[in-house]
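Structural overview
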Amino acid sequence: MNSLTLAPYYPATKPTLSCTQIVSLHLLLHRPPEGRSTCDDPIFGPFISVLPAEFDWHPLTWLWRESKASGEPIIESRLLDSLPPSILSELNRMFGLFQADWSRIFSYLQEHPSVLKALSPYDDREVDFLWGWLNVNTRCIYHRLAKTRSHPDNMTLCPILDFANHTPKEPYTYPRASQAELWNTGPSRKFGENFILQSPASCIVPPGTELFLRYGMHANSTLFTEYGFVNMVKWSDPAQDISAETESQVDSSVEKLFEERGPIGSWMKNVLLDEGYWGDWTMHTIPAPAHPSYRLITALRLYHILPTNTEALPSQHRADQLLNGWRNTTLGNQDVISTLNENLWRDTLLRLCEGNIRNAEGRSCLKAVFEETDEGNFGWHSAAVKTIQLLWQEELHVAKAVMKSLQENVAF
């Protein structure tokens, strides 16, 4: 099920619907009614019948329900308030993508009301579109259908393969690169080449065992926002657990640093935007030693090219001098701007770690949420709280590990 296989069944429009939009629309129109498990869609009915019946447990559903709650207290709001700020920020970004896709489909259905057929009016269908959109977002696989690798329609919803669960550990399977991928050409067949799975040469998959997919070496924060689950890390000995390949995003904290510097911070933000270094700032535990990402180091070096108590913007000549020194580190012409600059940004990173540790250790609100959800009325609520607790443990683990590297004067 993708943009090519569904296009013949829907009126053409400009701009064309993306793969995410048209597949989500098709699922919206053919979602089995409540109480029924079968779908009467003559094209993909049997497949749609075995898709998840709901996504109550997915954090994007919590955000959507909160947007419709009109200020009424709901448990989803408390769960969202309990999330690490960086994860909530990423969820809001995803919610923006969903809203943009729904807006496009809403307009499409106004242009082509016959698509709805006997269904209720389109303004009542957003909840079904969310169900379809989450099926696409959590179950589609990358499949080369367009001439360019970056085309957003290089994806498909594939029966049976969509059942494959994720694992970061061997044995797992992963897609073999197609000829179109290897040579970066358009696929030779209309619907792309055959999809072939392979396993690492270092292990075998015994007969009769479950076939897992490795979705990617994603951190738990990404797995949670995209798919709604996490790898359960053995925190008693994370160094021995490959699934402890953890990272922590610090975008909100670093953005606040630049905001607090007023006009100079705005000038620095524009520089980072122009140079491609704004946002996506992370800290990692693997490979050892624990370290900040290169993007984070680059941003913090720029943050300290002027003393933090400076209020006036530098002259154009002075700005060019400062930025040339900073750019030399990004181009590899010199290792550091100065010893002072290195000491300053490392001190700032240490303070960021200390802040993350305080936040992670002080999440007493989780206890109240857990007590409220432990009544057994909603099974997924308790599981969600435990997942959020693990996300905070990951924040704590990463911050402590990077702090240790800083205290030991590890060179990054």
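In what follows, the accompanying structure is described. What you see is a predicted model, and the numbers here were worked out from it, not measured in a lab. (Residues numbered from 1 in each chain as written. Predicted model: local features only at pLDDT ≥ 70, side-chain atom pairs only at ≥ 80, totals over all residues. Heavy atoms only, no water.)

Digging into the overall build of the chain
The condition is simple: The helix count covers DSSP runs of H or I at least four residues long, the strand count covers runs of E at least two residues long, and both are numbered beginning at the N terminus. C-alpha atoms define the radius of gyration in this analysis, and the globule rule sets the expected value at 2.2 Å times the number of residues to the power 0.38. Relative accessibility under 20% of the residue-type maximum defines a buried residue, over 50% an exposed one, and the middle range a partly exposed one, all with a 1.4 Å probe and only protein chains included. Should any heavy atoms of two residues lie within 4.5 Å, those residues are counted as being in contact. Working definition of accessibility: Shrake-Rupley area with a 1.4 Å probe, residue cover restricted to the visible protein chains.
Helix and strand content of the chain: 16 helices and seven strands. Scaling as 2.2 N^0.38, a compact globule of 412 residues should have a C-alpha radius of gyration of about 22 Å, and the chain matches this with 24 Å. Counting only C-alpha atoms, the chain reaches 70 × 55 × 55 Å along its principal axes. Looking at the chain as a whole, 48% of its 412 residues qualify as buried. Across the chain, every contact between residues at least 6 apart in sequence was considered, and the portion connecting residues at least 24 apart equals 71%. As presented, the chain carries roughly 21300 Å² of accessible surface, and 53% of it is formed by carbon and sulfur atoms.

A word on the pattern of salt bridges
For the record, the criterion: For this document, the term salt bridge refers to a Lys or Arg side-chain nitrogen within 4 Å of an Asp or Glu carboxyl oxygen.
Summed over the entire model, instances satisfying the criterion amount to 13 salt bridges. Taking the shortest distance from any N to any O, the salt bridge between R149 and E181 comes out at 3.8 Å. Of the two residues, R149 sits in the loop between strand 1 (141-142) and strand 2 (155-156) while E181 sits in helix 8 (residues 179-183), which places them 32 residues apart along the sequence. Accessibility expressed as a relative area gives 41% for R149, which makes it partly exposed.

Looking at the packing of aromatic side chains
To describe a pair of aromatic rings, you give the distance between the ring centres and the angle between the ring planes. The line we're drawing: Planes of paired rings set the category: under 30 degrees apart is stacked, over 60 is edge-to-face and the rest tilted, where pairs are Phe, Tyr or Trp rings (Trp by its six-membered ring) whose centres lie within 6.5 Å. Think of it as a cone above the ring: NZ of Lys or CZ of Arg counts as a charge over the ring if it is within 6 Å of the ring centre and within 35 degrees of the ring normal.
Within the structure shown, the criterion is met by 19 aromatic pairs. On the numbers, 6.3 Å between centres and 70° between planes, the contact of Y215 with F229 is edge-to-face. Remark: F229 occurs in the loop between helix 9 (220-227) and strand 5 (247-249) and Y215 occurs in the loop between strand 4 (197-198) and helix 9; sequence separation between them is 14 residues. Ring-pair connections join several aromatic residues into one group, and the members of that group are F95, F98, W102, F106, F129 and W133. Over the aromatic face of F163 sits the side chain of R139, whose NZ or CZ is 5.9 Å from the ring centroid. Taking the ring centre of Y174 as reference, the NZ or CZ of R214 above it sits at 5.9 Å.

Concerning the sheet that holds strand 6 (residues 282-284)
Within a sheet, each strand pairs with its neighbour through backbone hydrogen bonds, oriented either parallel or antiparallel. Short version of the rule: For two strands to pair, DSSP has to find at least two bridges joining them.
One open sheet holds the three strands; their spatial order is 5-6-7, and the pairing between them is antiparallel. Each having just a single partner strand, strand 5 and strand 7 (291-292) make up the two edges of the open sheet. As paired elements, strand 5 and strand 6 share three bridges and run antiparallel to each other. Across the sheet, the residue bridging to Q249 is T282, located in strand 6.

Examining helix 16 (residues 379-407)
Our working rule: In a helix, the anticipated span is given by 1.5 Å times the number of residues less one.
Given a rise of 1.5 Å per residue, 29 residues ought to cover 42 Å, and the 43 Å separating the end C-alpha atoms of helix 16 matches this to within 8%. Just downstream of helix 16 lies N409, where phi reads positive at about 60°.

Structural notes on the side chain of S3
Tracing the backbone shows S3 in helix 1 (residues 3-6). Apart from the residues within four sequence positions on either side, S3 is in contact with C19, I22 and D153.

Overview of unusual backbone geometry
What is expected of a backbone is that most residues other than glycine have negative phi and most peptide bonds are trans. For the bond from K14 to P15, the omega torsion is -5°, close enough to zero to count as cis. Following I286, the chain continues to P287 via a peptide bond in cis, the omega torsion being 0°. Summarising the element assignment, P287 is placed in the loop between strand 6 and strand 7. Despite not being glycine, I160 has its phi angle at roughly 75°, a positive value. Residue placement: I160 occurs in the loop between strand 2 and strand 3 (174-175). The backbone phi angle of N184 is positive, close to 55°, even though this residue is not glycine.

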